[in-house]
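Spelled out, the chains give:
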Amino acid sequence: RIFCRRLVITMLRACVVAAVIQGALSDAGVGGVKFRNTANRPMKLYWVSHTGQPDYAGRVHADGGTTGFQTYAGHSFYWAEDQADPPAPTTAPGSKNVEFTVREDQRVYYYEDDSTLPDVKEALEKELTFMRKYKERTGIEWVGTTWPRPPVSYDMWNPEYVGQQYFVPLDETPTAGKYECEFENVTDCLAEDGRHLKADVAYQTPLEGLTVEVVSVKPKAFRIVDFLTEFETNYIIQQAAPRLGRSTVGHGEDARDSGTRTSKSAWLHRGHSEVMDAIYTRVGVVTRVPAEAMEEQNVESLNVLNYPVGAEYTPHYDWGADGKISSRFVTALLYLNTPEAGGATSFPKAVMPNGTVGTQIPAIKRSLAFFYDLLPDGNADELSVHAGTPVVAGEKWVAPLWIWEPIKAKWLNK
């Protein structure tokens with residue numbers, strides 16, 4: 001599906017579809033679009049594909065339920081009843097905004113009918129007023145996960161120019177040290193459980209520090225060369241390979257297999273081994289998030305992905321408008337190998353100092369890239385849209401790690 005996150009094999013058919021849908025678009029589409037269901041029952045949202053056939057976009061809960069994703073101006077959608085088979089635009093009494101086309105200057109598309117409760121409609125009108133005033137004040141759209149959302153509670157890097165460097169000391173954080181092994185074969189370094197290391201052949205080396213380089217100021221994107229050791233990259237691949245399974249699209253009840261995403265992926269959590277714990281600690285220090293934000297209840301498991309030749313990840317965001325305060329805050333990308341050609345991470349909306357738009361971070365083994373999904377005031381960063389460019393030759397191993405803000409336990413209790 002063109003409008004949401006996906007991994008696709010680049011074939012002639014896919015190229016034709018992309019050309020038809022995206023046409024002459026030079027940017028990454030319209031970000032932060034929200035689809036709101038104000039009816040008193042769940043509704044389903046469908047995208048009208050280039051063939052005119054409905055393509056399922058998600059099930060949206062009643063009384064103000066929201067979903068959101070990356071899309072393009074000119075894309076058409078419609079609302080259908082939850083149990084409609086085959087799906088068709090609803091004809092419920094009093095239904096409004098059933099069929100619509102996405103525009104550059106609109107971020108909220110809502111459905112209502114005679115079942116819409118007054119307080120739900122009132123809440124929507126307040127949100128639209130908030131969004132209008134925010135744009136008048138800041139000049140940008142409010143695309144945050146919810147509203148009003150408090151400012152970010154973590155420290156953030158505040159870069160001034162591309163190429164700027166920060167030195168992050170790690171000498172007082174020995175648990176962030178890098179792991180090495182005397183043997184080249186990872187298996188020879190593992191204990192009997194196949195996860196932990198043999199103490200007599202594997203060891204951890206303390207670090208003096210790491211250098212963070214600014215790749216983009218808008219959005220705030222960075223990279224660190226030699227963030228991992230050769231052993232650590234090989235270890236992650238060795239541990240993930242037997243666990244690889246079919247990737248799905250969607251989330252929660254909408255998760256499903258799809259021909260539009262044919263990758264294989266595996267998940268490794270922080271407690272998997274001492275190697276994973278050290279990497280999580282290291283990521284936390286260089287991204288400046290508090291240690292408690294790197295605990296397993298607040299940070300996702302490492303998502304190890306393998307891209308075959310010809311695969312790409314089209315422009316997408318790592319945050320979504322789900323109506324909740326908690327959101328992905330930092331996206332960190334661990335590059336586990338260097339593809340023979342292609343596979344860079346692109347930022348098609350990055351504003352560069354020479355006046356151009358767009359930049360890339362090459363996929364280089366042992367390096368780390370990270371960027372902020374949120375702005376300091378709590379809004380989501382519409383410029384953080386990113387993509388994995390096609391793998392031209394070889395294969396690509398990369399592992400995203402997502403850190404959330406605020407700390408889940410705190411806002412859930414509150």
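Bear in mind the structure is a predicted one, so any value in this text is a computation, not a measurement. (Residues numbered from 1 in each chain as written. Predicted model: local features only at pLDDT ≥ 70, side-chain atom pairs only at ≥ 80, totals over all residues. Heavy atoms only, no water.)

Q: Describe the overall build of the chain, with residues and values.
A: Tallying secondary structure elements over the chain gives 5 helices and 25 strands in all. Split into buried and exposed, the 414 residues of the chain put 51% on the buried side. In the chain, 76% of the contacts between residues at least 6 apart in sequence involve partners at least 24 apart. Summing over all exposed atoms, the chain offers an accessible surface of approximately 18100 Å²; the carbon and sulfur share of this is 52%. (Helix = DSSP H or I, 4+ residues; strand = E, 2+ residues; numbered from the N terminus. Buried < 20%, exposed > 50% of the residue type's maximum accessible area, 1.4 Å probe, protein only. Contact = heavy atoms within 4.5 Å. Areas by Shrake-Rupley, 256 points an atom, 1.4 Å probe, with all protein chains shown as cover.)

Q: So what about the nonpolar core? Which residues, and what values?
A: Ile236 and Leu334 are the most contacted members of the largest nonpolar core, which totals 63 residues. At 7 residues, the largest contribution of residues to this core is made by helix α4 (residues 274-287). With residues near it in sequence (within four places) discarded, Ile236 still touches Leu268, Met276, Ile279, Leu302, Val304, Leu334 and Leu336. Val33, Trp47, Phe69 and Val102 belong to the second largest nonpolar core, which has 18 residues in total. (Core = buried A, V, L, I, M, F, W, Y, C linked by side-chain atoms within 4.5 Å.)

Q: Any chance you could break down helix α3 (residues 230-240) for me, citing the residues and the numbers?
A: Because the α-helix completes a turn every 3.6 residues, residues three or four places apart line up on one side. In terms of burial, α3 is a largely internal element, 8 of the 11 residues being buried. Elements in contact with the buried residues of α3: β10 (178-181), β15 (264-268), α4, β16 (302-307), β18 (327-335) and β25 (396-405).

Q: Hey, could you go over the pairing of strand β22 (residues 368-372) for me, with residue numbers and the actual values?
A: In summary, the side chains of a regular strand alternate between the two faces of the sheet. Counting buried positions over the 5 residues of β22 gives 5, a clear majority of the element. Side-chain alternation along β22 places Leu368, Phe370 and Tyr372 on one buried face and Ala369 and Phe371 on a second face that is also buried. Relative to β22, strand β13 (residues 221-224) is paired through 4 bridges, and the arrangement is antiparallel. Bridge pairing links Ile224 to Leu368 in β22. The pairing of β18 with β22 spans 5 bridges and is antiparallel. (Pairing = 2+ DSSP bridges.)

Q: Would you mind going over α4 in detail, with residue names and values included?
A: Taking 1.5 Å per residue, 14 residues should reach 20 Å; α4 reaches 20 Å between its end C-alpha atoms and fits that length. Counting buried positions over the 14 residues of α4 gives 11, a clear majority of the element. Those residues of α4 that sit buried are Val275, Met276, Ala278, Ile279, Tyr280, Thr281, Arg282, Val283, Gly284, Val286 and Thr287. With its phi angle positive at about 70 degrees, Arg288 sits one or two positions after the end of α4. (Expected span 1.5 Å × (residues − 1).)

Q: Quick one: what's the story with the packing of aromatic side chains, residue by residue and with numbers?
A: The geometry of an aromatic ring pair is captured by two quantities: the separation of the ring centres and the angle between the planes. Inspection of every chain in the model, using the stated rule, returns 23 aromatic pairs. Members of the aromatic cluster, each reached through a chain of ring pairs, are Phe35, Phe69, Phe77, Phe100 and Tyr109. Between the NZ or CZ atom of Arg282 and the centre of the ring of Phe227, over which it lies, the distance is 5.4 Å. (Phe/Tyr/Trp six-rings, centres within 6.5 Å; stacked < 30°, edge-to-face > 60°. Lys NZ or Arg CZ within 6 Å of the ring centre and 35° of its normal.)

Q: Outline the confidence of the model for the chain, supporting the account with residue identities and numerical values.
A: Mean pLDDT over the chain stands at 89; residues scoring 70 or higher make up 87%. The model gives residues 1-26 a pLDDT under 50, and that stretch makes 62 contacts with residues more than four places away or in other chains. (pLDDT = per-residue confidence, 0-100.)

Q: Explain the sheet that holds strand β3 (residues 43-48) to me, and be specific about the residues and the numbers.
A: Sheet architecture is open: 4 strands sit in the order β4-β3-β6-β7, paired in antiparallel fashion. Because the sheet does not close on itself, it has two edges, and the strands there are β4 (54-60) and β7 (99-101). Averaged over all pairs of adjacent strands, the angle between their axes in this sheet comes to 25 degrees, without regard to strand direction. Where strand β6 (residues 76-81) lies against β7, 3 bridges are found, and the strand directions are antiparallel. Among the inter-strand pairings, Phe77 is bridged to a residue of β7, identified as Phe100. (Axes fitted to C-alpha atoms, helices over the stretch in contact; angles between N-to-C directions.)

Q: Describe in detail unusual backbone geometry, supporting the description with residues and values.
A: With omega at 0 degrees, the peptide bond leading from Lys218 into Pro219 counts as cis. Tracing the chain through its elements places Pro219 in the loop between β12 (209-216) and β13. The amide bond that connects Glu405 to the next residue, Pro406, takes the cis arrangement and shows omega of -5 degrees. As for its position among the elements, Pro406 is in the loop between β25 and α5 (408-413). For Asp63, which is not glycine, the phi dihedral falls at a positive 55 degrees. Positionally, Asp63 belongs in the loop between β4 and β5 (65-71). Within the chain, Arg366 stands out as a residue other than glycine whose phi angle is a positive 85 degrees. Here Arg366 shows up in the loop between β21 (357-361) and β22. You can call Arg366 partly exposed: its relative accessible area is 26%.

Q: Outline the pattern of salt bridges, listing residues and values.
A: Counted under the stated rule, the structure contains 20 salt bridges. The residue Asp105 makes a salt bridge to Arg103 at a minimum N-O spacing of 2.9 Å. A salt bridge links Arg149 to Glu405, with the nearest nitrogen and oxygen atoms 2.7 Å apart. Of this pair, Arg149 sits in the loop between α2 (118-138) and β9 (165-169) while Glu405 sits in strand β25, and the two are 256 residues apart along the sequence. Taken individually, Arg149 and Glu405 each receive the classification buried, so the pair is uniform in this respect. Within this structure, Lys34, Arg36 and Glu127 form a network of salt bridges that share partners. (Salt bridge = Lys/Arg side-chain N within 4 Å of Asp/Glu carboxyl O.)

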